[in-house]
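Examination of the molecular architecture
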Amino acid sequence: ETGVTQTPRHLVMGMTNKKSLKCEQHLGHNAMYWYKQSAKKPLELMFVYNFKEQTENNSVPSRFSPECPNSSHLFLHLHTLQPEDSALYLCASSQVGQGDEKLFFGSGTQLSVL
Amino acid sequence: GNSVTQMEGPVTLSEEAFLTINCTYTATGYPSLFWYVQYPGEGLQLLLKATKADDKGSNKGFEATYRKETTSFHLEKGSVQVSDSAVYFCALSDQGGGGSEKLVFGKGTKLTVNP
């Protein structure tokens, strides 16, 4: 149990499908993040939520839609994706405001878009 | 903007060899610096960090020193083990005190240690 759980671990979808990625953190943190990890590229921060409010959207296409219903759960809704969106999607959480923040990551969802 | 450059992998070593993974950064202000490690099939974990110049972060035999004059944060280990095989990411945060919201990561360096 890493403290941050992501489901599903693997997902294959067509370009016309709609699917959702789920993340749950059991650490009592107040901030949650979505990152995209592509081969041979740096990790890309997609979205940040502090206290359930979105505080960062790094120019992510609208085919990615985040949802944070409470401080423990984070979703990433996917629709009409492109093959170049195939990547490992990592969720992370942290406790912001206590001076020693660090990110705790889930194991990721490996997404393949056909 | 802020950026991190780390050496291209993959790196392959024999057990007990000395490891260095180079990392340099570009940043305004005084960032905190981090090394994260990703073992196969897992998410990233914080390995060590340093929050100001000349600080040395250390953990599990790994060390890195924050060098402001050379804008570097190279990762070293004196004697690697097979269990150290993983992908290593250098990262910086431009928030004072090690805030995590604005972490910028390098591309990662894959390390394989052979018995």
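Please refer to the structure placed before this passage.
Residues numbered from 1 in each chain as written. Chains lettered and ligands numbered in written order. Predicted model: local features only at pLDDT ≥ 70, side-chain atom pairs only at ≥ 80, totals over all residues. Heavy atoms only, no water.

Here we come to the interface of chain B and chain A. Contacts between the two partners involve 19 residues from chain B and, on the opposite side, 25 residues from chain A. Interface of chain B and chain A: buried area, both sides summed, is about 1,700 Å²; carbon and sulfur atoms make up 48% of it. If you look at where chain B meets chain A, you find 0 salt bridges. At the boundary of chain B with chain A, the tally comes to 4 residue pairs in polar contact (both at pLDDT 80 or more). The biggest single contributor to the side of chain B that touches chain A is strand β6 (residues 44-50) of chain B, with 3 residues. (Contact = heavy atoms within 4.5 Å. Buried area = accessible area lost by both parts, 1.4 Å probe. Salt bridge = Lys/Arg side-chain N within 4 Å of Asp/Glu carboxyl O. Polar contact = N/O pair within 3.5 Å; in protein donor to acceptor, adjacent residues only side chain to side chain. Helix = DSSP H or I, 4+ residues; strand = E, 2+ residues; numbered from the N terminus.)

Residues and elements named next belong to chain B. In total, this model carries 5 salt bridges over all chains according to the counting rule given. Residue K52 pairs with D55 through a salt bridge whose shortest N-O separation is 3.3 Å. E63 serves as the salt-bridge partner of K56, at 3.6 Å between the closest nitrogen and oxygen. The exposure class of E63 is partly exposed, given its relative accessible area of 34%. (Buried < 20%, exposed > 50% of the residue type's maximum accessible area, 1.4 Å probe, protein only.)

Turning our attention to the sheet that holds strand β3 (residues 18-25) of chain A. Residues and elements named next belong to chain A. Pairing within the open sheet is antiparallel, and its 4 strands lie in the order β1-β3-β8-β7. The sheet terminates laterally at β1 (4-7) and β7 (64-70), the two strands that pair on one side only. Sheet twist, expressed as the average angle between the axes of neighbouring strands with direction ignored, equals 20°. As defined by bridge partners, β1 adjoins β3 across 4 bridges and the pair is classed as antiparallel. By the bridge assignment for β3, T5 is matched with E24. (Pairing = 2+ DSSP bridges. Axes fitted to C-alpha atoms, helices over the stretch in contact; angles between N-to-C directions.)

Glancing now at the pairing of strand β2 (residues 11-14) of chain B. Two faces belong to every sheet, and in a regular strand the side chains alternate between them. All names here are of chain B. Residues V11 and L13 point to one face of β2 and are all buried, whereas T12 and S14, pointing to the other face, are not buried. The sheet contact formed by β2 and strand β12 (residues 109-114) spans 4 bridges and is parallel. What sits directly across from L13, in β12, is V113.

All names here are of chain B. Tracing the chain through its elements places V82 in the loop between β9 (75-77) and β10 (86-93). Residues V82 and F18, 64 residues apart in the sequence, show an inter-C-alpha distance of 13 Å. Apart from residues no more than four positions distant in its own chain, V82 is found in contact with E15, V113, N114 and P115.

Residues and elements named next belong to chain A. Secondary-structure assignment places Q110 in strand β11 (residues 109-113). Along the sequence, Q110 and L11 sit 99 residues apart, while their C-alpha atoms lie 6.2 Å from each other. With near-sequence residues (within four places) excluded, Q110 lies in contact with R9, H10, L11, A87 and L88.

Spatial relationships are all this shows, so hold off on functional conclusions.
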